[in-house]
Amino acid sequence: MIEKFEKLQLIWLAVILALGLILAVFFGTRTVSNDKISVTGSAYKIVKSDSARLDFEIVSREPNKQMAYNKVKSQLPVVLEYLKGKGITDIDVLATNGYNTYKYSINGNMTNDIAYYNLSQEIIIKSDDVNKIKEISSDIQSLLDKGIDINIHNTEYFYSKLGDLKVELLEDATKDAKERAKAMLKATHNRPGKIQSVQMGVFQITPVDSTNVSDMGINDTGTIDKKVTAVANVVFRIK
């Protein structure tokens, strides 16, 4: 009787162990099949700007508004002739801006007496010849020799095919993420499967030799040659 009971116990124990093994394999296999890996891929390309813009102003400081205006008015044709001589045809002459500068008393308090009037005439030029705009941004100060005071505000360079480039770089960044996932899974004898999700990161448009990055992205307009970098965060199913 005792021997039968012991045999029965052994049988039940064997059944329980077998069921445990089957369940372990089932759930273990299901866990592996549901495993995922998240990888960040990146890609970049060096591009050359294909258009440029220069924003500058003619400035004048005279005893009164009329004199300041007359001076700028007489100097404007000289500046326009200079620009046309450089081959610039896209020229936008904006409205003039001005303000008074007041005298100070001996004790340092501002008075109501006008010391002089400041007038500025803003001009914006554009061209697809980026090197020409770069040259003018450096050379235009030569107008000082003619008594024309020039202040340069901004010289900006743009790349018109940025939209198409972003699509191309996102594709390359996704491929890079897959290659990185393969390298990471190689030691475990697994490989990346189908993509579960893709999240686009911000684009970094920087000078070629820059290593700066920003969570908000960077959009450099100060250099002709630019480095455009794309980042993609990709989740793969593990095979």
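Residues numbered from 1 in each chain as written. Predicted model: local features only at pLDDT ≥ 70, side-chain atom pairs only at ≥ 80, totals over all residues. Heavy atoms only, no water.

Trainee: Explanation requested: a nonpolar patch on the surface in the structure shown.
Mentor: Residues Tyr 102, Tyr 104, Met 110 and Ile 114 make up a contiguous nonpolar surface patch of about 420 Å² in total accessible area. For the nonpolar patch, the elements supplying multiple residues, two or more each, are strand E3 (90-104) and strand E4 (110-127). When you line up the elements, Tyr 104 lands in strand E3. Under the relative-accessibility criterion, Tyr 104 is labelled exposed at 54%. (Patch = residues over 30% accessible without salt bridge, like charges linked within 9 Å, V, L, I, M, F, W, Y side chains within 5 Å. Areas by Shrake-Rupley, 256 points an atom, 1.4 Å probe, with all protein chains shown as cover. Salt bridge = Lys/Arg side-chain N within 4 Å of Asp/Glu carboxyl O. Helix = DSSP H or I, 4+ residues; strand = E, 2+ residues; numbered from the N terminus. Buried < 20%, exposed > 50% of the residue type's maximum accessible area, 1.4 Å probe, protein only.)

Trainee: Sorry, what's going on with the pairing of strand E2 (residues 51-62) here?
Mentor: Consecutive residues of a regular strand have side chains that alternate between opposite faces of the sheet. In terms of residue burial, E2 counts as a mostly covered element, since ten of its twelve residues are buried. Two elements, E2 and E4, share eleven bridges in a ladder whose sense is antiparallel. Residue pairing across strands places Val 59 opposite Ser 120, the latter belonging to E4. (Pairing = 2+ DSSP bridges.)

Trainee: Would you take a moment to explain the environment of Asp 128 for this structure?
Mentor: Note that Asp 128 resides in the loop between E4 and helix H3 (130-139). A C-alpha to C-alpha distance of 6.3 Å links Asp 128 and Ala 52, two positions 76 residues apart in sequence. What Asp 128 contacts, discounting residues up to four positions off in sequence, is Asp 50 and Ser 51. (Contact = heavy atoms within 4.5 Å.)

Trainee: I would appreciate a short explanation of the sheet that holds E3 in the present structure.
Mentor: Whenever strands of a sheet pair, they do so through backbone hydrogen bonds, lying parallel or antiparallel. Across the sheet, four strands lie side by side as E3-E4-E2-E5; this open sheet has antiparallel pairing. Each of the sheet's edge strands pairs with one partner strand only, and the pair in question is E3 and strand E5 (149-158). Sheet twist, expressed as the mean angle between neighbouring strand axes with direction ignored, is 20°. (Axes fitted to C-alpha atoms, helices over the stretch in contact; angles between N-to-C directions.)

Trainee: Whenever I open this one, a positive patch on the surface confuses me. Can you help?
Mentor: Residues Lys 178, Arg 191, Lys 194 and Lys 239 make up a contiguous surface patch of positive charge. For Lys 194, the location among the structural elements is in strand E6 (residues 192-200). What makes Lys 194 exposed here is its relative accessible area of 68%. (Lys, Arg positive; Asp, Glu negative; His and termini not counted. Charge placed at Lys NZ, Arg CZ, Asp CG, Glu CD.)

Trainee: Can you walk me through helix H2 (residues 65-85) in this structure?
Mentor: Within an α-helix, residues lying three or four positions from one another point in the same direction, as the helix has 3.6 residues per turn. Taking 1.5 Å per residue, 21 residues should reach 30 Å; H2 reaches 30 Å between its end C-alpha atoms and fits that length. Three or more residues of H2 are buried, namely Ala 68, Val 72, Gln 75, Leu 76, Val 79, Tyr 82 and Leu 83. Those residues of H2 that are buried are in contact with E2, E3, E4, H3 and E5. Structurally, the start of H2 carries an N-cap: the backbone nitrogen of Gln 66 is 3.2 Å from a side-chain oxygen of Asn 64. (Expected span 1.5 Å × (residues − 1). Polar contact = N/O pair within 3.5 Å; in protein donor to acceptor, adjacent residues only side chain to side chain.)

Trainee: Would you take a moment to explain the nonpolar core for this structure?
Mentor: Note that soluble globular proteins tend to have their nonpolar side chains buried in a common cluster. With 20 residues, the main nonpolar core has Phe 56, Val 79, Leu 83 and Ile 125 as its most contacted residues. Of all the secondary-structure elements, those providing two or more residues to this core are E2, H2, E4, H3 and E5. Setting aside residues no more than four positions away along its own chain, Phe 56 makes contact with Val 79, Leu 83, Gln 121, Glu 122, Ile 123, Ile 125, Ile 140, Ile 150, Asn 151, Ile 152 and His 153. Ile 37, Ala 181, Phe 203 and Ala 230 belong to the second-largest nonpolar core, a separate cluster that totals 19 residues. (Core = buried A, V, L, I, M, F, W, Y, C linked by side-chain atoms within 4.5 Å.)

Trainee: What exactly am I supposed to notice about the packing of aromatic side chains here?
Mentor: Pairs of aromatic rings are described using the distance from one ring centre to the other and the angle between the two planes. All told, the structure shown has zero aromatic pairs when counted by the stated rule. Lys 166 extends its terminal NZ or CZ atom over the ring of Phe 203, reaching a point 5.0 Å from the ring centre. The positively charged end of Lys 227 is found above the aromatic ring belonging to Tyr 44, 4.5 Å away from the centroid. (Phe/Tyr/Trp six-rings, centres within 6.5 Å; stacked < 30°, edge-to-face > 60°. Lys NZ or Arg CZ within 6 Å of the ring centre and 35° of its normal.)

Trainee: Any chance you could explain the environment of Ser 214 here in plain terms?
Mentor: Structurally, the position occupied by Ser 214 is in the loop between strand E7 (204-207) and strand E8 (218-219). On the basis of relative accessibility, which here comes to 26%, the residue Ser 214 falls in the partly exposed class. Separated by eleven residues in sequence, Ser 214 and Phe 203 place their C-alpha atoms 9.1 Å apart. A polar side-chain atom of Ser 214 sits 3.2 Å from the main-chain amide nitrogen of Met 216.

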